[in-house]
Each structure stands twice: as C-alpha cells, then as structure tokens.
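Letter by letter, the chains look like this.
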Amino acid sequence: MVATVAILLQPIANAPANVGFVLLCIMGALRVHRLWRAWALMFREWFWLLLVAWAAWTGITLLWSEAPEYGLRQWSAFRAILWVPLLWPVMDRWRWMVFGLLAGVACGNALQLSQYWWGWPKVRADKGIGGGLHMYTYMGAWCAIAFAIWMMMAVSLPWRRATIAVALASLAAIGLVIASTRGVVIGAALEVLVVAAVLAIRQRDWMRRAVVRASVGTAILCIVWMFVGERVERRFEAMMVEVRVVASPAPLSAAKSTSAADQADAGDASATATQRASIPSAPISEMALRARLADSRFHVWDYSLLQWRESPVVGIGFGSVLPRAKHASEHDTMLTSEQRKGVSIGHPHSTWIQTLSETGLVGFSLYASWVLVILACAWSALAPQTCFTAGHITRQDGTRHAPGGTREHRAPIERADPLTGPVPSWLDAGLLGAVIAFLVAAQFDCYQMNATAFAIGLIPAAILCRPRGAAQATAPRR
C-alpha cells in the first residue's frame, strides 16, 4: 500500500513526490529482515546490475570532473534507483502499482488542464505553465506514459471499459501536448508506431489490434494537435534564437565603390545605417555562437559531442560540460561584455549525449546495455502463449478454439504467471510503450539528473522487468 501511495504522489508535484519516496524508503528500512532474500535474488538480474554499474561509473567520473561539486549534486539524483529494490519484493501487487501510476497522472493532468484553461493553480516562476503543480517537462513525460498504457487498454478491454480508456488517453494526450515538451510529443508518437509493429511481429493474432491501436493513437494525437498544437509551435519557434555573426568592417575603397543606384534611395540608406549602428563591432566566434544558442538542442548536442572527442573512452567527467561552456562564453576574446551576459548552455539536455560526453564509451555502453535488457524483457514478455482449458485451446488474443474448429470470441484472457499471478494482455505492451516514450524523451532532457524525473522511467521499467519465475522470492504477505 505504501508503494502504491508513493507512486500515486509522483506525478502530482515535487514535494508530494519526495514525501512518498521517503516514506517508501522508511518502510523498506523497517522491513529489511523480511525483504533481504528478495534483494539478494535481485542481484541475479541484469536489469538491476547494469543500472547499478551505470550509476557507479558515473560517480567514478567525478574524480576527473572539472566541476565535481556540481557533478556530485547532479549525481545524487541516482538515488532514484532505489525504486527498483523497494518495488521488487512486492511485484505481485502490480495491479495496485499501475493503478497508483494512472490515478496519479490523472490528478496531475486535471491540475495541469485547470491551470492551462482557468489559470488555477497559479503558475510558479520555476515551474512554467502546462505543468499544474509539477514542472511542465515532468508532467508531459508522465502524460506520455499514461497515454501509452491507456491506449493499450483501449484495444484490449471490453468496449465499455475501452471507451473510458480512450477518453483518458485523449486527456493524457492533451496534457502532453500543452506541456510543450518536444521530447515527450515525439516519444508518444513513436511509441504508438513501435508498439504496434512489435505486436504485429511478435503476436500474429494481434495484427488487427495493433493496427487499431496505431490508428486510434495517431488520430488522438492529430486531433489534440489541431486544438492546442499552436502553443507548441510557438514554443518551438521561440527556441530558435539567431545570433548575427558580423564580418570585419569593409575597407574604405570598397565603401567608395558603392553604386549610385544603391545610394539613390535615402530611406533605405537611413535604415541600413541604423541597422549597422545596432550591430556589435566585435564578431562572434563559433564557440560562442554554439553557447548562445543554448535553447536549440542541436547546438547543445553538437557542443557536447565536441567535448567527448577529447576523452572518448572515459569521458570528461560528470558535470564538466557546464563549466566548459561558461568559460568559453566568459573568456572568448571575440565577444563584447554585453554579448557574454547569460551565455551558458547549462547541461547537454540529453541523457544519451551527456552519458557519452561526460562518462565516455564506458558509461554509454553500460547505459545502452541497460536499455537493451529492458527491451529484451519486453520482447520475451510479449511472446505468443497458448494455454489449454476445458478441452479448448485458448490463445492470448482472447479467442477460444474448440477441437472441432468452431470459434468463440471473448475478452482477452489473463496469462498466468508463476509469481505475479494472472497478467492481462495489455500490461506488458503498455509498459513497453511507456518505456519507449521515456527513452525517446531522454534524448531531449537529462532526466537522470533529477530523482523525481528519473522515477518517471524507472517505475514502469521496473514493473516491466519484474521477476517472472517461481524461484524468485517476494515479500511475505500479512
């Protein structure tokens, strides 16, 4: 129950999220004597071992970081990996966890939409509109995860409950669009297509539902974009800040050779003179240009990858991109004092690129391997299964075939797991879509630098990679 409450509080706001996580940690500490066996067996799982190895190597790179204090502050967000051992022993209660996740997103989504349309709750300076009580970036990611799960339920449940799932998926789609975060919008669109393709390949009987899911999901996103997409477009345009690169002044002889036709228009000449007067006399170097275009992800990524080339194997150290960019902007002799103000790219704005540039190929290999293990678990979980009951052959798509060849339609069955019990057909596919949306969004933001943001991906990933064998241990029931 504590785990469910902790998950429910995550999408609402940072403060409740931290409270829920601390309560769960306290509960885990009080029950160590009952959980240690499950934790011991957890160290056989590659999902956990690679996650710990990635966090450990990232911490080691602080030894050669150019900003160890800043890097240590950001590295402390890896405490979020405690979600895995805290949830692992109670994975047989996955229904409550998924319920808490969806209910929490619905609450945060309601606050988000209320803020967008009616101005309540009031927008805080450090949060931004489109997030409700949460950071808009995080709220958008939570909405993308809920959208993936709701859409899977929409094509798996009976039509009455499927209608409710479609309505809640539409609500989540509105939330992720008005959050105006590029990564989650792209992530939600890609997960619709990827999950549909995986289902079509992995489970042939799901071909029709895979097509329906892709069609309905795409239609929802397109309809939502028609109504609120203008806000996102304005935000995207605002991100592209152009900086004029001024060439050296033209020689006097070149100025004298100006044609008479160009000098005839006095209005144009006056405008040209005013424009030239407003241009700084010092040119802007390429290094400063990249730093100045901080809100354009492509320039930030390009700058970060340039730093990685200096130390491709072990990286430049966690947290080093920020001081390097700051030094380049403050001490670039090609800049005037006015041009140096506010020139900083902060961090690489990408979990993938930051891992590569600051922790090198070693850290990137650990992170990529962890992602591959998650995808492999999903691929295995979505394997077609057939069970035999009462003289009939019941396939996972919910159809029952009698020995004589007659066919009876029914709702999708729940597969029996030796550990977690009956598992509905929508669970693993929905969690796969949620993880894909998060991993795509992680290309646009450094979610691993904030414990609350990191939990957005860790919670569905942990449930997806849950233990599935009878040999695994779980917490004793009370």
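Residues numbered from 1 in each chain as written. Predicted model: local features only at pLDDT ≥ 70, side-chain atom pairs only at ≥ 80, totals over all residues. Heavy atoms only, no water.

**What to know about the overall build of the protein**
Inference 1: On a plain count of helices and strands, the protein comes out with 21 helices and 6 strands.
Inference 2: Looking at the protein residue by residue over its 478 residues, the buried ones come to 52%.
Inference 3: Put simply, 75% of the contacts in the protein that link residues at least 6 apart link residues at least 24 apart.
Inference 4: For the protein, the accessible area works out to roughly 22,200 Å², and carbon and sulfur atoms hold 64% of it. (Helix = DSSP H or I, 4+ residues; strand = E, 2+ residues; numbered from the N terminus. Buried < 20%, exposed > 50% of the residue type's maximum accessible area, 1.4 Å probe, protein only. Contact = heavy atoms within 4.5 Å. Areas by Shrake-Rupley, 256 points an atom, 1.4 Å probe, with all protein chains shown as cover.)

**Side note on the pattern of salt bridges**
Inference 1: For the structure shown, the criterion picks out 5 salt bridges.
Inference 2: Of the charged contacts in the structure, one is a salt bridge between Arg 93 and Asp 92, with a shortest N-O distance of 3.4 Å.
Inference 3: Judged by its relative accessible area of 29%, Arg 93 falls in the partly exposed class.
Inference 4: Close ionic contact of Glu 310 with Arg 324 constitutes a salt bridge, the shortest N to O distance being 2.8 Å. Of this pair, Glu 310 sits in the loop between α16 (297–308) and α17 (321–331) while Arg 324 is found in helix α17, placing the two residues 14 residues apart along the sequence.
Inference 5: Looking at Glu 310, the relative accessible area reads 56%, which means it is exposed.
Inference 6: The class of Arg 324 is buried, set by a relative accessible area of 17%.
Inference 7: A single network of salt bridges, built from pairs that share partners, joins Glu 66, Glu 310 and Arg 324. (Salt bridge = Lys/Arg side-chain N within 4 Å of Asp/Glu carboxyl O.)

**Some words on α16**
Inference 1: Here α16 spans 16 Å end to end across 12 residues, near enough to the 16 Å set by a 1.5 Å rise per residue.
Inference 2: All of the buried residues along α16 are Arg 297, Val 300, Trp 301, Tyr 303, Ser 304 and Gln 307. End-on, the buried residues of α16 take up no more than an arc of 160°, which puts them together on one face. (Expected span 1.5 Å × (residues − 1). Arc of directions from axis to C-beta.)

**Details of the environment of Val 314**
Inference 1: Structurally, the position occupied by Val 314 is in the loop between α16 and α17.
Inference 2: In this structure, the C-alpha to C-alpha distance between Val 314 and Ser 357, residues 43 residues apart in sequence, is 8.7 Å.
Inference 3: Those residues in contact with Val 314, other than ones at most four positions away along the chain, are Trp 57, Thr 61, Trp 64, Glu 358, Thr 359 and Gly 360.

**Focus: the nonpolar core**
Inference 1: Judged by nonpolar contacts, the single largest core of 106 residues is most densely connected at Phe 47, Trp 83, Phe 147 and Trp 370.
Inference 2: Among the elements that line this core, the one with the most residues is helix α8 (residues 136–154), at 16 residues.
Inference 3: Those residues in contact with Phe 147 that lie beyond four places of it in its chain are Ala 169, Ala 172, Ala 173, Leu 176, Ala 188, Glu 191, Val 192, Gly 217, Ile 220 and Leu 221. (Core = buried A, V, L, I, M, F, W, Y, C linked by side-chain atoms within 4.5 Å.)

**Focus: the packing of aromatic side chains**
Inference 1: Using the criterion set out here, one finds 18 aromatic pairs in the structure.
Inference 2: Each ring, one from Tyr 116 and one from Trp 117, has its centre 5.6 Å from the other, and the planes form 75°; the classification is edge-to-face.
Inference 3: Put simply, the rings of Phe 47, Trp 54, Phe 78, Trp 88, Trp 352, Phe 364, Tyr 367, Trp 370 and Phe 454 pair up and form one aromatic cluster. (Phe/Tyr/Trp six-rings, centres within 6.5 Å; stacked < 30°, edge-to-face > 60°.)

**Side note on the packing of helix α4 (residues 46–60) against helix α19 (residues 351–381)**
Inference 1: Packing of α4 against α19 brings their axes to within 8 Å, and their N-to-C directions diverge by 175°. Comparing the axis directions of α4 and α19 gives the class roughly antiparallel. Facing Trp 46, Phe 47, Leu 50, Leu 51, Ala 53, Trp 54, Trp 57 and Thr 58 of α4, the residues of α19 in contact are Thr 351, Thr 355, Thr 359, Val 362, Gly 363, Leu 366, Tyr 367, Ser 369, Trp 370, Val 373 and Ile 374.
Inference 2: A per-class count over the contact of α4 with α19 returns 13 nonpolar, 6 polar and no charged. (Axes fitted to C-alpha atoms, helices over the stretch in contact; angles between N-to-C directions. Parallel < 35°, antiparallel > 145°, perpendicular 65-115°, else oblique. Nonpolar A, V, L, I, M, F, W, Y, C, P; charged D, E, K, R; others polar.)

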